[in-house]
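Listed below, chain by chain, are the residues.
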Amino acid sequence: MANQKVSVEHFAANEKFQQWVLTPSAELNDYWERWIEEHPKHTLVVNQAKQLVLSLQTQEDTAPNKLQQEVWSKIKPVLQKDAPRSVNRWKVPPRVGVAASLVTVLLAGVFLLSNYFSATTNYQTAYGETKEITLPDGSTVMLNANSTIQFASDWQLAEVREVWLEGEAFFNVCQIPLSTDGNVRLPFVVHSRNMDVEVLGTTFNVKDRQEYSEVVLNTGKVNVTPQMDQQTAPIAMNPGDRLAYSANEQEWRIQQINPEIPTAWRHQELIFDEMQLKEIAQLLEDVYGYEIEFESEEIKSYAFTGNIKADEIEMLLPMLERSFNLNIQQDSQKVNFSKK
């Protein structure tokens, strides 16, 4: 599988994979478990492919070499149903006709299988919009503005609960015990550009915007695995920890904070605690779609403390102007900060 395209269909068509699913052995278990450990991002695809192979079994055990016939038996009725009933007046050379038929069968098979087993749910928010989402296991997500989240539509047979995030979201994750003593639980992983966050029932905030990534842990415990050739050992976080990464500094930093401050947005409130204007400007760009310019680097370093309702963001600029005796010019979404 090393050089093959990673997809549900390619896994399901792989004879070694079929044997592992239908007639597992110690050697096959060792091979595929090692492959999954080395490619954790493809766990969901592997699970979907296993479901595909298992679903193509008849009531009696189906040998792996019959999988192709089973796939054909599912595709053929659809092709017959959708075939045009009128006679085409244009003559097609026999070889071309055969090739076209084969392409049609292959495309139909990929389409049907990928739609049946790769169903995903996607949510996206606009600037200034937040959205509350319930995941398939009952966990909830508050998606911040200008963000997207994606996950498999059905987690009933999942061996790991996975979501993919761009932007910012606050998670409240349900614990799902896998052992009678409750010590083993179904993993929950949030994937983003710079990190994977593994959870065991907790509340936390994940931000992944522009050149900055951040995890704030409110309750429980999470392990964060950095990506992009950073350190590979998971970083354990405790309640009140903020783990942040800046692409400019190429460094992960962890510190204790009041987690309610950076996550106040979920209550439609923005709290600024000695936040520099350059950070406020980044928030205005990421969440509300502003374009901010500063006359000087000095202005960027001014630190502001205060709070405001998230839906009253237009009041923030006059507050900053008065606090630092600035001249703030606004033309629609373009804002310029300068000294008076």
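Everything below is about the structure printed above this text.
Residues numbered from 1 in each chain as written. Predicted model: local features only at pLDDT ≥ 70, side-chain atom pairs only at ≥ 80, totals over all residues. Heavy atoms only, no water.

A. Looking closely at the packing of helix α2 (residues 15–22) against helix α3 (residues 26–38). Contact geometry of α2 with α3 gives a least axis separation of 10 Å together with a crossing angle of 110°. When the interaxial angle is binned, α2 and α3 end up roughly perpendicular. Seen along the crossing, α2 lies across α3 with a hand that is left-handed. Within the contact between the two elements, α2 uses Lys16, Phe17, Gln19 and Trp20 and α3 uses Leu28, Asn29, Tyr31, Trp32 and Ile36. Among the residues making up the contact of α2 with α3, the classes are represented as 6 nonpolar, 2 polar and 1 charged. (Axes fitted to C-alpha atoms, helices over the stretch in contact; angles between N-to-C directions. Helix = DSSP H or I, 4+ residues; strand = E, 2+ residues; numbered from the N terminus. Parallel < 35°, antiparallel > 145°, perpendicular 65-115°, else oblique. Left-handed = near helix turned anticlockwise from the far one by under 90°. Contact = heavy atoms within 4.5 Å. Nonpolar A, V, L, I, M, F, W, Y, C, P; charged D, E, K, R; others polar.)

B. Representation of the layout of surface pockets in the model. A volume near 1,400 Å³ is recorded for the largest pocket. Lining the largest pocket are 45 residues, with Lys207, Tyr212, Glu214, Met275 and Glu279 positioned closest to its centre. Looking at the lining of the largest pocket, the elements that each hand over two or more residues are β8 (203–209), β9 (212–219), β12 (241–246), β13 (251–256), β14 (269–276) and α7 (277–288). Of the residues assigned to the lining of the largest pocket, the class counts are 18 nonpolar, 10 polar and 17 charged. (1 Å grid on protein atoms, 1.4 Å probe; cavity = no way out; pocket = protein on both sides within 12 Å on 5 of 7 lines; lining within 4 Å. Points joined across faces, edges and corners; volume = space filled by probe spheres on them.)

C. Examining the pairing of β9 more closely. In terms of burial, β9 is a largely internal element, 6 of the 8 residues being buried. Examined bridge by bridge, β8 and β9 share 7 bridges and lie antiparallel to one another. When the sheet's bridge partners are listed, Val206 is paired in β9 with Val215. What sits between β8 and β9 in their antiparallel hairpin is a turn of 2 residues, with Gln210 showing a positive phi close to 50°. When β9 meets β12, the two strands line up antiparallel, connected through 5 bridges. From the neighbouring strand, Tyr212 faces β12, where its bridge partner is Ser246. (Buried < 20%, exposed > 50% of the residue type's maximum accessible area, 1.4 Å probe, protein only. Pairing = 2+ DSSP bridges.)

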